[in-house]
Amino acid sequence: MAMARGRRSTMMTTTTRAVQTPTAPVSDGKAKAKVLDAPFAQEYADYSTGYASVPGLAYENMGWVTEVRGEIPPEMVGTLLRNGPAMYERDGFVKSYLDGDGMVTSIAIKDGKAYFRNKFVRTEHFEKEEELGKFTEPSIFTAKDPRSPAFFYRLFNDILAGNLKRKQNGAYNVLNWGKSLVAVDYKKPYALNPDTLETIGHGACDLSSAMHTSHYRTVTEPDGSRRCVAFLNEVNWRTETTNAVFYEFDENGKEVSRRAYDYPASYVHDLIVTENYYVLFDCPIKIDFPAVFTKYIFEKSCLSELICEDTDRRPLFRIFPRRGDSREVLTAPADYWCYAYHHVNGFEDKDGNIVFDTCTWDKFTLYFTDICNPNGKDNYPRMKLSRFVIDMKELVAKHFLLSEVPCELPITSWDYTGRDYEHMYLSTSVGRTEDGVNGPMQALSKASIKPDGDTLYYEEQWVPGDRKFAMEPFFVPRPGGTEEDDGWVVALVHDAAYEKSDFGGRGTEMVIIDAKKFSEGPVASLRLPTYVPFGVHGSWSPQYIAGPPKADELERLEEMRKKNDGKPLSLGIGSNASEPVIHSTPTPQAIGMAAAGLVLGITALSSILG
């Protein structure tokens, strides 16, 4: 693989040390972490600082980006949107990173200028916990439980009663589609004000009314119109069935199609959409029932850790008809044992077979550990770029290894979703020891493959710097461009050593890279006014939203300043929106019946983890 800027050999021969990702910053705001005897000490120490929790509503900010290196392309118009957990510590209770409260970040670009905003997603649970000043709701990825007594709640409420409702944190994606801006967590979307990012709520529009996961695809229809396809995958482990619902929204944000299918229980995370099919990759997993009674009820494991590998069956593709009256769900087993969370793209080739590109893992380590909590010893990136070709006559899937450079969070041009394409952009790991231990996710990569190929013909990696770490990339088409890669790759970059930082040396940049000149690095780097945690997912909106304040927002801000007496303020939505919102964020009878209740309780686990 070729590398540009901040080059580092892909084979590291020296043994260094690494750190675990801290769940929250120490009191002085400076990054500190426990050192382990493992490779890539400096890299993992620096990477870990991107997961520091922020203080709360007082951290919300907005303003013009004034520090720019290079030049923002004057023809670029739109908004980079990011969402992710940002606050996961209240009143001394520390949650796992992925259980933190969601914070949407926007950078609106027009006329060579950029406007920044960041705002928390105020779900019903966020509002409740903010008012009480403490965590009250159980979460997916945290073993510790804020309910007391935890043993009682986990045994009788979660297992016996089958109530596995988890906190809605609104933290996993943000999408602007059909004049609707929504933030999404594991299955519940919340409408946001496109001018201010203020939370309007669930059910305010079609896109925020349907229950769907944080993964979606945008496709072009035969008549040239565009669709946004979302899905929800809910598992009932008691009946061993899964209900998958696929939604399609038109360019005006109206739901125009809803198709539901039942199939055997399984875990899926993402989807591929082609001209005629929805395709899910079925990872072979099962519930670890012993862990429920030996770990979960004693707060020694979290909900997500109750799933494990199922070695009794192979991974397979489930193929659902997208059009017509057929309800037949086809299955195609894979010839390669792996797991996959985030997919690149897929399409139907000239022979009617399905090409399915994805990032694969050899073991079910639960992606979140190797990416969000790596230590360079037990946990580190180990993904591969893979292509599967699904023979639609024989219903078998053949695997082709495209790259062994650990990669994740893939993106393509949205204009090529569901159709044959060549170029993809990914977040990638940098460096590997002789023992096969990989460095943390740090670089951006461009990889290219012919639609009928089984090997890459181009692979380039750009490293932002020794102490900088790129996040999820997005592709922005150049206005008037005719070639697939005629545009820019944009991403946020975590800076672990920002000299002007007011948050323990942390800072964040936005980079803009010419996709056709990827090896040259950014044409512009924008220093954001505040640190933004790594985040999970996001999108590029071709519409210019969340720009500088309009008249109504300016009036509310001025009124709030008059009433605020210097305390932190934040705009609110609702009946009291004209009032200042001032918050304080402080620094059944036997085992058989229990097992039956547990099966009921685990019903929603797959959709939760999706």
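Residues numbered from 1 in each chain as written. Predicted model: local features only at pLDDT ≥ 70, side-chain atom pairs only at ≥ 80, totals over all residues. Heavy atoms only, no water.

An unreviewed UniProt entry annotates the protein as Carotenoid oxygenase of Ostreococcus mediterraneus. Regarding the protein, the UniProt comment filed under Sequence similarities (unreviewed entry) reads as follows: "Belongs to the carotenoid oxygenase family." (UniProt positions renumbered as here; feature names shortened; annotations may be inferred.)

**Thoughts on the packing of aromatic side chains**
Scanning the entire structure with this criterion turns up 36 aromatic pairs. Between Phe93 and Phe135 the ring centres are 5.9 Å apart and the planes differ by 75 degrees, which places this aromatic pair in the edge-to-face class. One end of the pair, Phe93, is in strand E8 (residues 93–94); the other, Phe135, is in the loop between helix H2 (124–132) and helix H3 (150–160), with 42 residues separating them in the sequence. Each member of the pair Phe93 and Phe135 is classed as buried. Their ring planes at 40 degrees and their centres at 5.0 Å tell us that Phe152 and Phe156 sit as a pair that is tilted. Taken together, the residues span about one helical turn, with Phe152 and Phe156 both in helix H3 at a distance of 4 residues. Given a relative accessible area of 44%, Phe152 falls into the partly exposed group. (Phe/Tyr/Trp six-rings, centres within 6.5 Å; stacked < 30°, edge-to-face > 60°. Helix = DSSP H or I, 4+ residues; strand = E, 2+ residues; numbered from the N terminus. Buried < 20%, exposed > 50% of the residue type's maximum accessible area, 1.4 Å probe, protein only.)

**A short note on the nonpolar core**
Looking at soluble globular proteins, one finds that nonpolar side chains tend to be buried together. Ranked by size, the top nonpolar core spans 79 residues in total, and within it Ile107, Met510 and Leu526 carry the most contacts. Discounting residues that sit within four places of it in the chain, Met510 has contacts with Leu80, Ile107, Ile109, Val490, Ala491, Leu492, Ala524, Ser525, Leu526 and Leu528. Judged by nonpolar contacts, the second largest core, of 15 residues, contains Trp177, Cys228, Ala230 and Val245. (Core = buried A, V, L, I, M, F, W, Y, C linked by side-chain atoms within 4.5 Å. Contact = heavy atoms within 4.5 Å.)

**Quick word on the UniProt feature "binding site: Fe cation" (unreviewed entry) in the protein**
In this structure's numbering, the residues bearing the UniProt feature "binding site: Fe cation" (unreviewed entry) are His215, His269, His342 and His537. A maximum C-alpha distance of 13.2 Å is found for the annotated residues, which run over 323 residues; spatially they form one tight group. With respect to the helices and strands, the residue His215 is situated in the loop between helix H4 (206–209) and strand E15 (216–220). Given a relative accessible area of 7%, His215 falls into the buried group.

**Considerations on the sheet that holds strand E14 (residues 199–201)**
Strand order in the open sheet formed by 4 strands is E11-E12-E13-E14, with antiparallel pairing between adjacent strands. In this open sheet, the two edge strands, each paired with only one partner strand, are strand E11 (173–177) and E14. Neighbouring strand axes in the sheet, compared pairwise and without regard to direction, differ in orientation by 35 degrees on average. As paired elements, strand E13 (residues 189–192) and E14 share 2 bridges and run antiparallel to each other. When the sheet's bridge partners are listed, Leu192 is paired in E14 with Thr199. (Pairing = 2+ DSSP bridges. Axes fitted to C-alpha atoms, helices over the stretch in contact; angles between N-to-C directions.)

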